[in-house]
Number of protein chains: 2
Amino acid sequence: MKERTQAKLEIDRDAKKPMARQIYVHFRAMILSGDFPAGSRMPSTRRIALESGVSRNTVMAAFQTLLGEGYLEARRGKGTFVASSVTLSAQPTAESAALPTFDYKPHRFDAIDFRAGVPDLSRFPVKTWRRLSREVWTEVAPLDLTYSQPEGRIELRTQIAEYLCANRGERCHPDQILVTCGATQAMGIVGRMLLQGERKACLMEDPSAADFRRIISSLGGRIVPVPVDMEGLVTEALPADALPAFISVSPSHQFPLGVTMPLKRKVRLLEYARRKKTYIIENDYDCELRYDSPPSGSLQGMDPARVVRVGTFSATLYPSIRIGYVVLPPELITLGREIKWFADLHNATVDQLILARFIASGSFAHYQRVMRKTYRRTRTLLLEALERHFGGDVEILGSAAGLHLCARFPGIKFTFKILNRINLAGVGVYPVEEHAIRKGRWENTIILGYGMLDTRRINVGISILKRCLPLQ
Amino acid sequence: MKERTQAKLEIDRDAKKPMARQIYVHFRAMILSGDFPAGSRMPSTRRIALESGVSRNTVMAAFQTLLGEGYLEARRGKGTFVASSVTLSAQPTAESAALPTFDYKPHRFDAIDFRAGVPDLSRFPVKTWRRLSREVWTEVAPLDLTYSQPEGRIELRTQIAEYLCANRGERCHPDQILVTCGATQAMGIVGRMLLQGERKACLMEDPSAADFRRIISSLGGRIVPVPVDMEGLVTEALPADALPAFISVSPSHQFPLGVTMPLKRKVRLLEYARRKKTYIIENDYDCELRYDSPPSGSLQGMDPARVVRVGTFSATLYPSIRIGYVVLPPELITLGREIKWFADLHNATVDQLILARFIASGSFAHYQRVMRKTYRRTRTLLLEALERHFGGDVEILGSAAGLHLCARFPGIKFTFKILNRINLAGVGVYPVEEHAIRKGRWENTIILGYGMLDTRRINVGISILKRCLPLQ
């Protein structure tokens, strides 16, 4: 017999852990580990009950399960014995006892966080949404609860297609819409779709969202940076000899710089895509929010056969709804649906139905109008605060649209040390450099998201920022 | 000048397509295509208004957009001209005009469908769910609407962990739970996780769910079949010389055969995994539904460090909720969360909060008890119908649990022709052979799912099946 000491049965009287189950788990472990060897006689249920202070019935229930599953065998008149071949003879591999901690940046709500892309959620029309949700749950049929189609519900796809045609000059049929779990899943699906063939070169804006590039790399794409200037992607720098899988751009409010691509560059970009017989991924998460002019026309509307448009409701509704979409060129529809099916079958049906009603009822358009005004006001406050505190020491980029702008401080270098100082002072700012492919060009520029900030936080935040910067 | 005829402006008076937007789209296309060449003078807004029968203000609004976006230039006193460099000179690549149709098997609700895995949705407690949904939407805070953590909400993870510990003898902490979009996404995440290293051999049950194998293959896994007999995976057939990335099993109700793995094989399987320092994926989508005995203990509970458990609420609640989960060994927690983050950030928050309340309130346990009784009754009806119509000509497998059983008809071969005949007669049955890796062993066996069928449908369905089979 082994010399390991038998662990004592300890009962946790928390009602959520049935005692019989705890006893079962305890003895199962003892048997599997060999502490109770095959063929050995089990202590009597009476003794276990006495020693552990639980009722004998509870112990018997646990034994019943162990007998039922084959850990124990009852021999008439002799007692209960451990069955044969139920000991795990191979030693367990080293197992880390403590759970590792995970270092996602927690969202500090007490801090003044200039994180980009987070909308103002205090004004979300919760009551309207609750009413629509109740309506949908009142009318729901078994058909809405069972498995559905990968492309998403036709009710929602129709609303999205109509919205894009009416507001963004896009040209699409509801069958070209693929509903996804946010823009992140959309980028993953589009990447997988366009990297199916031989072509692996992926032309991406430099700087551009680091997360998206990581998704593309993990799918086997080879990132080829194309520089961005004050008019977006520099089309003259598109490589003449490449055969790219795609070119990814955010023309209406470049991420992170916030600049807008003028029409002539859009035309040159489309011509390049046509010549190379490749696709453009148009990924503008906040293009609906434009403050000084109507939303700029989309690339998708200019050439629906060459452009794969990625969109999301994270910025225009709320992020945790996790609904985005792709507008697919007709020839990619089948492949897109197939990839979505093997990713997670389809988006949750009821959420799609509520969102479709929210758009169809006009609540979405109304909410967008309200928020556009709110954000325009917040943006002005931020611009004023920057002017007041920094004057000529700061240069602003990309303030015409979206939920963030960029601030460039010539002569300053946002090193880890400075960023850390700003963070410790309770302010979150995000370096553009983090999103740069070729490092070293944007060390003096930070992203300032303002979607969820109010006057007080903006003023305090910018004055703290000023205190932390080594200005002359 | 090109000889292409200028397309006539045709206005669709459907209120959902603003007329100014239609006019904009029309002229944008004419300019991009070169039908209105760079530098040419545009027709006057007055003339366009007259010819198309819309108001001049509407046409002017469209022109304003075209001017704003840079398609047109106004020259004082001379009229409006097409800007330079806004013609797409590269020809468009061939573009399929018609949208392709997509051949997912539509769910025929008029047919008698013995599809596996679809629960009875007519009894789902919609009112309770609606009430909980209203509660959550009443208490919702901005924090619930913004971006969240990849692992899912602690409220739901706590409920899942407690449920698994209390009902399935599993041993897990809420931090080991990763909330996913159903079992499909769970398998994708687990596959990606376990195929990160050098090992590419994936030991899978033969037969096993074809969709899951396809996901694993697409991730670069090499499928190695291990046969299944009436006691589940044949542990003696596990390859001695392999270094597998994982072994995937469904021990409590094998899919598709429905058989249950006895304890001794579970022990042998775990010993193999320990020796090979590999992981077991335990994927039992309907293990909670057991009719003749308590649910069999899980592999996860026997060795939480070696087993990755995949679960879903599709069978126990409703499929279109798209919520599943993974129970991760501690050393895989970080990697699992990271992969989920890059897949789609996290599951929709409100849905998670509603489900957490549904479980915490006891409604989930109650609903499971009700449905277990219902399914037991339906299963009995199906067994009786099979006995009545086929007697000794049929052999039943896997009827002790779950939402389906298998029927083996010695001497019958379910060819495409026979299956087609059955389908055309309005009955859906599913061949086991479709899920087989090595073909030819299960041609006489079909899967009969009974979750959503009633007495009448079962009797009619089985009598139609009988009519279609070439029995002696």
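Below, the structure is looked at part by part.

Thresholds, definitions, all that
- Residue numbers run consecutively from 1 along every chain, following the written order of its sequence.
- Key to labels: chains lettered from A, ligands numbered from 1, both in the order written.
- Totals for whole chains, interfaces and linings use all residues, but because this is a predicted model, local features are given only for residues with pLDDT of at least 70 and pairs of side-chain atoms are given and counted only at 80 or more.
- Computation of side-chain values: all heavy atoms of the structure, hydrogens and water removed.
- At least two DSSP bridges between two strands are required for those strands to pair.
- Starting at the N terminus, helices and strands are each numbered in turn, a helix being any DSSP run of H or I of at least four residues and a strand any DSSP run of E of at least two.
- By definition in these notes, contact holds between two residues if any of their heavy atoms fall within 4.5 Å.
- Structural elements are reduced to axes, namely lines fitted to C-alpha atoms, with helices fitted over the stretch in contact, and the angle between N-to-C directions of any two is expressed from 0 to 180 degrees.
- The span you would expect from a helix comes to 1.5 Å times its residue count less one.
- Note on exposure labels: buried denotes an accessible area under 20% of the residue type's maximum, exposed denotes more than 50%, and partly exposed covers the range between, all computed with a 1.4 Å probe on protein chains only.
- Starting at the helix axis, one direction is taken to each C-beta atom, and the arc is that of these directions.
- Of the grid points, spaced at 1 Å and generated over the protein atoms alone, those admitting a 1.4 Å probe that cannot get out make up cavities, while open sets with protein on both sides within 12 Å along at least five of seven lines make up pockets; any residue with an atom within 4 Å of a point is treated as lining.
- Grid points are joined across faces, edges and corners, and a volume is the space filled by probe spheres set on the points.
- Ten residue types, Ala, Val, Leu, Ile, Met, Phe, Trp, Tyr, Cys and Pro, are classed as nonpolar, four, Asp, Glu, Lys and Arg, as charged, and the remainder, Gly among them, as polar.
- Only one rule defines a salt bridge in this text: a Lys or Arg side-chain nitrogen within 4 Å of an Asp or Glu carboxyl oxygen.
- To superpose the copies, least squares is applied to the C-alpha atoms of every residue with a pLDDT of at least 70 in both.

Time to look at the sheet that holds strand 12 (residues 395-397) of chain B. Residues and elements named next belong to chain B. Judged by pairing direction, the sheet is antiparallel, and its 4 strands sit side by side in the order 12-13-16-15 without closing on themselves. What marks the edges here is a single partner per strand, and that holds for strand 12 and strand 15 (430-431). Examined bridge by bridge, strand 15 and strand 16 (residues 445-449) share 2 bridges and lie antiparallel to one another. Across the sheet, Y430 pairs through a bridge with I447, a residue of strand 16. Here helix 13 (residues 363-390) sits on the sheet and contacts strand 12, strand 13 (404-408) and strand 16; the angle it forms with strand 13, its principal contact strand, is near 10 degrees.

Now for helix 4 (residues 126-139) of chain B. Spanning 14 residues, helix 4 of chain B covers 20 Å between terminal C-alpha atoms, matching the ideal 20 Å at 1.5 Å per step. V126, T128, W129, L132, S133, V136 and W137 of chain B are the residues of helix 4 of chain B that are buried. Buried residues of helix 4 of chain B, viewed axially, fall in a sector of 165 degrees; they line one side. For helix 4 of chain B, the secondary structure elements touched by its buried residues are helix 4 (126-139) of chain A together with helix 5 (142-145), helix 12 (349-360) and helix 13 of chain B.

Summary: where empty space remains is shown by rolling a probe the size of a single water molecule over the atoms. The final tally for this structure, using the stated rule, is 7 cavities of 30 Å³ or more. Here the largest cavity is characterised by a volume of approximately 210 Å³. Forming the boundary of the largest cavity are 22 residues, of which V350, D351 and I354 of chain A together with V350 and D351 of chain B lie nearest the centre. Taken together, the elements giving at least two residues each to the lining of the largest cavity come down to helix 4 and helix 12 (349-360) of chain A together with helix 4 and helix 12 of chain B. A class-by-class count of the residues in the lining of the largest cavity yields 14 nonpolar, 6 polar and 2 charged. Every residue lining the second largest cavity is counted, 20 residues in all, and those nearest its centre are C181, A348 and D351 of chain A together with C181 and A348 of chain B. Elements with a contribution of two residues or more to the lining of the second largest cavity: helix 12 of chain A together with helix 12 of chain B. Classifying every residue of the lining of the second largest cavity gives 8 nonpolar, 6 polar and 6 charged.

Take the pattern of salt bridges next. Tallied over the entire structure, the rule returns 42 salt bridges over all chains. Note that D303 of chain A and R274 of chain A form a salt bridge whose closest N and O atoms lie 2.8 Å from each other. With D303 of chain A in the loop between helix 10 (299-302) and strand 10 (307-312) and R274 of chain A in helix 9 (residues 263-275), this pair connects stretches of sequence that are 29 residues apart. Judged by relative accessible area, D303 of chain A falls into the buried class, the value being 3%. E443 of chain B is the partner of K413 of chain B in a salt bridge, and the nearest nitrogen-oxygen pair spans 4.0 Å. Separated by 30 residues along the polypeptide, K413 of chain B in the loop between strand 13 and helix 14 (416-424) and E443 of chain B in the loop between strand 15 and strand 16 bring together distant segments of the chain. Classification of K413 of chain B by relative accessible area gives partly exposed; the value is 47%. The partly exposed category is assigned to E443 of chain B, whose relative accessible area is 30%. Here the residues in one salt-bridge network are R131, E135, E139 and R357 of chain A, joined through shared partners.

The next thing to look at is the relation of the copies chain B and chain A. The operation relating chain B to chain A is a screw motion whose rotation component is 180 degrees, with 0.0 Å of axial translation and a residual RMSD of 0.1 Å. Put plainly, the chains are arranged around a two-fold axis. No C-alpha of chain B approaches the rotation axis more nearly than that of R134 of chain B, which lies at 3.5 Å. Comparing interface residues between copies, 100% of those in chain B also lie at the interface in chain A; the contact surface is shared.

Turning our attention to the sheet that holds strand 13 (residues 404-408) of chain A. Residues and elements named next belong to chain A. Read across the sheet, 4 strands follow the order 12-13-16-15 without closing on themselves; strand pairing throughout is antiparallel. Strands at the two margins of the open sheet, each flanked by one partner only, are strand 12 (395-397) and strand 15 (430-431). Helix 13 (residues 363-390) rests against strand 12, strand 13 and strand 16 (445-449) of the sheet, and its axis sits at about 10 degrees to strand 13.

The next subject is the pairing of strand 11 (residues 324-327) of chain B. Residue and element names in this part refer to chain B. Residues G324 and V326 of strand 11 are buried on one face, and the alternating residues Y325 and V327, pointing to the opposite face, are buried as well. Judged from the 4 bridges that link them, strand 4 (residues 177-180) and strand 11 form a sheet pairing that is antiparallel. Residue T180 lies in a different strand from strand 11, and its bridge partner there is G324. Where strand 10 (residues 307-312) lies against strand 11, 4 bridges are found, and the strand directions are antiparallel. Bridging across to strand 11, G311 finds its partner in Y325.

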